[in-house]
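Okay, here's what each chain looks like letter by letter:
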Amino acid sequence: MRISTRLIAAASFAAMSLVAGAALADGDTIVFGTDATYPPFESLDAGGKFTGFDIDITNALCDHMKVKCAFVNQDFDGIIPALQAKKFDAIISSMSITPEREKIVDFTNKIYNTPPAIAIPKDSTLKEATDEALKGKTIGAQSSTTHANYASAHLKDAELKLYPSADEYKLDLSNGRIDAAIDDVVVLSEWVKSDAGNCCKMLGTLKSDPVINGVGAGIAIRKGDAALKDKLNAAIAAIRADGTYKKIQDKYFDFDVYGD
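Residues numbered from 1 in each chain as written. Predicted model: local features only at pLDDT ≥ 70, side-chain atom pairs only at ≥ 80, totals over all residues. Heavy atoms only, no water.

Novice: Explain the sheet that holds strand β13 (residues 217-222) here, please?
Specialist: Within a sheet, each strand pairs with its neighbour through backbone hydrogen bonds, oriented either parallel or antiparallel. The sheet built from 5 strands is open, its strands ordered β5-β1-β6-β13-β7 with mixed pairing. What marks the edges here is a single partner per strand, and that holds for β5 (68-73) and β7 (105-107). Each strand of the sheet is rotated relative to its neighbour by a mean of 35°, with strand direction disregarded. Across 3 bridges, the pairing between β7 and β13 is antiparallel. Bridge pairing in β13 links V105 to R222. Helix-sheet contacts for helix α8 (residues 226-241) involve β1 (29-34), β6 (90-96), β7 and β13, and the interaxial angle to β13 is about 155°. (Pairing = 2+ DSSP bridges. Helix = DSSP H or I, 4+ residues; strand = E, 2+ residues; numbered from the N terminus. Axes fitted to C-alpha atoms, helices over the stretch in contact; angles between N-to-C directions. Contact = heavy atoms within 4.5 Å.)

Novice: Mind showing me how you'd approach the packing of aromatic side chains here?
Specialist: The description of an aromatic ring pair rests on the distance of the ring centres and on the angle between the ring planes. For the structure on display, the rule yields 13 aromatic pairs. Considering the side-chain rings of F41 and F53, the 6.1 Å spacing of their centres and the 80° angle between planes classify their relative orientation as edge-to-face. A residue pair is termed long-range when its members are at least 10 positions apart, and F41 in the loop between β2 (37-38) and β3 (42-44) and F53 in helix α2 (residues 53-65) qualify at 12 residues. With relative accessibility at 0%, the residue F41 sits in the buried group. Each member of the aromatic cluster is reached from another via a ring pair, and the members are Y38, F41, F53, Y112, Y245, Y252, F253, F255 and Y258. Its guanidinium or amino end placed over the ring of Y258, K110 lies 4.3 Å from that ring's centre, counting from NZ or CZ. The ring centre of Y258 lies 3.6 Å from the NZ or CZ of R240, which sits over that ring. (Phe/Tyr/Trp six-rings, centres within 6.5 Å; stacked < 30°, edge-to-face > 60°. Buried < 20%, exposed > 50% of the residue type's maximum accessible area, 1.4 Å probe, protein only. Lys NZ or Arg CZ within 6 Å of the ring centre and 35° of its normal.)

Novice: I keep staring at the nonpolar core and nothing clicks. Help me out?
Specialist: Buried together is how nonpolar side chains tend to be arranged in soluble globular proteins. In terms of nonpolar packing, the biggest core is built from 48 residues, with F32, F53 and L61 touching the most fellow members. With 7 residues, α2 is the largest single contributor of residues to this core. Those residues in contact with F32, other than ones at most four positions away along the chain, are T58, C62, C69, A70, F71, V72, F88, A90, I92, I219 and L232. Counting residues in each nonpolar core, the second largest holds 17 residues, with I118, L126, A141 and L155 among its members. (Core = buried A, V, L, I, M, F, W, Y, C linked by side-chain atoms within 4.5 Å.)

Novice: Can you walk me through the side chain of D106 in this structure?
Specialist: Here D106 lies in strand β7. The class of D106 is buried, set by a relative accessible area of 17%. Here K223 takes part through its side chain, which lies 3.2 Å from a polar atom of the side chain of D106. Leave out the neighbours within four places in its chain, and D106 touches I219, A220, I221, R222, K223, G224 and D225. (Polar contact = N/O pair within 3.5 Å; in protein donor to acceptor, adjacent residues only side chain to side chain.)

Novice: Would you mind showing me how to read unusual backbone geometry here?
Specialist: Excluding glycine, most residues fall at negative phi; most peptide bonds, likewise, are trans. Here P39 and P40 are connected by a cis peptide whose omega angle stands at 5°. Structurally, P40 can be placed in the loop between β2 and β3. With phi around 60°, S144 is a residue other than glycine that occupies positive phi space. Its location among the elements puts S144 in the loop between β9 (138-142) and α4 (146-154). By relative accessible area, which is 11% here, S144 ends up buried.

Novice: What is the right way to read the state of the cysteines from this model?
Specialist: The bond known as a disulfide is covalent and runs between the sulfur atoms of two cysteines. Applying the stated rule across the entire model yields 1 disulfide. Here C62 is linked by a disulfide to C69, with a sulfur-sulfur distance of 2.0 Å. For the disulfide bridge between C62 and C69, the dihedral angle about the S-S bond is near 90°, and by the sign convention the bridge is right-handed. Accessibility expressed as a relative area gives 21% for C69, which makes it partly exposed. (Disulfide = S-S within 2.5 Å.)

Have a look at this one:
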């Protein structure tokens, strides 16, 4: 899960958005912002179509609400300011629900909850994912994410190197330019099983920090948009109850991604 740190910029838009009404773009379409560089949750396929777990879940929510979904690709670091500027109506981009973020945007109930983890090259001698073991090592992370914040707070003896996207830290890890990478356990475990991630292996998961990692990933909406929040929460509950969520989950994962 990821979190933007451009909170000051986003906050400047928050006051204006308090008076915003329902976020339906044209009455029957909801526009979602997403940073489509984060498989298996959100990415673009070879034809440029949005794909992934978050995308399928969002389409299912729209089906239940009897509205259309539209997606806008937006870099993660600027995704909250873009929401507040009304570039789109909501954010579906593996965004962690954290106390800091809840000050400036509202969230639906969670979509899923998974812990952070560490991946390393296959020939690495590292044995455990601890601050002591990673002392002096260079760890890559996508900038403006909970994982970068986690490494800063809990892996203080390592050197943190930040990247604009997950693809870039993966490239450096595969080429031996960094010693390890931190990200969501699902993102890393799916990557190391792919041809692109054949260079690397999982070192282990990390204990979540509720302040940094939050309580799960949800859909972010502008402050005060209670109508859209209620519609989305009702739809989330409905697809959980009727088996749609599990059907989508089983397409991507062999475990309960919803979490505790």
